[in-house]
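Examination of the molecular architecture
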Amino acid sequence: LNFGYNHQSNGRADPISRSWDRLFVEAGIERDNFVLLGRAWTRIELGDDYEDDNPDITDYYGYTEFNALYRWREQSFTLMARGNLSTGKGAAQFGWTSRPLLGPIRGYVQVFSGYGESMIDYDWNQTTIGVGVTLNERF
């Protein structure tokens, strides 16, 4: 069980600045080779001088996110889903990490579909595929 404060920003200046602050609570369960995490949050605005770069971000990110991880034969499979049921917007991401290929190096494939792959385009619906290597399992 976790709870806390999260600030997320793209580190850019106007007009392409994007940031937001959240309070969150997260819970997870683990059994054998399976992990399931659920996270819920509420957006907060800090101070009177708070400039809102993206007032509609929760329309796209929603208020909840679920992550699952399954390990099988030295491989890992991940799934992320988040969204806002009232707007019908959200995102899903699938990842696969291979067995070790050379020492600790593993192959990695990720498919993302939906809104908010990055802060700058949180309101843009897109599907992307990434391929790479990692030194450890990803979650």
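See above for the structure.
For the structure given in this document, a descriptive report is provided here.

Each value, and the rule that gives it
- Residues numbered from 1 in each chain as written.
- Predicted model: local features only at pLDDT ≥ 70, side-chain atom pairs only at ≥ 80, totals over all residues.
- Heavy atoms only, no water.
- Phe/Tyr/Trp six-rings, centres within 6.5 Å; stacked < 30°, edge-to-face > 60°.
- Helix = DSSP H or I, 4+ residues; strand = E, 2+ residues; numbered from the N terminus.
- Buried < 20%, exposed > 50% of the residue type's maximum accessible area, 1.4 Å probe, protein only.
- Lys NZ or Arg CZ within 6 Å of the ring centre and 35° of its normal.
- Salt bridge = Lys/Arg side-chain N within 4 Å of Asp/Glu carboxyl O.

So, the packing of aromatic side chains
- Counted by the stated rule, this structure contains five aromatic pairs.
- Seen from their ring centres, Trp20 and Tyr61 are 5.3 Å apart, and the 55° between their planes marks the pair as tilted. In this pair, Trp20 is assigned in strand E2 (residues 19-31) and Tyr61 in helix H1 (residues 57-61), connecting sequence segments 41 residues apart. Per residue, the accessibility class of Trp20 equals that of Tyr61, and both read buried.
- An aromatic cluster is present here, built from Trp20, Trp41 and Tyr61 joined pairwise through their rings.
- Directly above the ring of Trp41 sits Arg22, whose terminal nitrogen or CZ lies 4.7 Å from the centroid.
- Stacked on the ring of Phe24, the Lys or Arg Arg39 has its end atom at 4.6 Å from the ring centre.

Regarding the pattern of salt bridges
- Tallying each qualifying case throughout the model produces two salt bridges.
- A salt bridge links Glu26 to Arg39; its shortest N-O distance comes to 3.4 Å. Here Arg39 lies in strand E3 (residues 34-44) and Glu26 lies in strand E2, a separation of 13 residues in the sequence.
- Classification of Glu26 as buried rests on a relative accessible area of 13%.
- For Glu65, the salt bridge is made with Arg82, and the minimal N-O distance between the two is 3.7 Å. One end of the pair, Glu65, is in strand E4 (residues 64-72); the other, Arg82, is in strand E5 (residues 75-84), and 17 residues separate them in sequence.
- Using a relative accessible area of 17% as the deciding quantity, one classes Glu65 as buried.
- Its relative accessible area of 11% is what places Arg82 among the buried residues.

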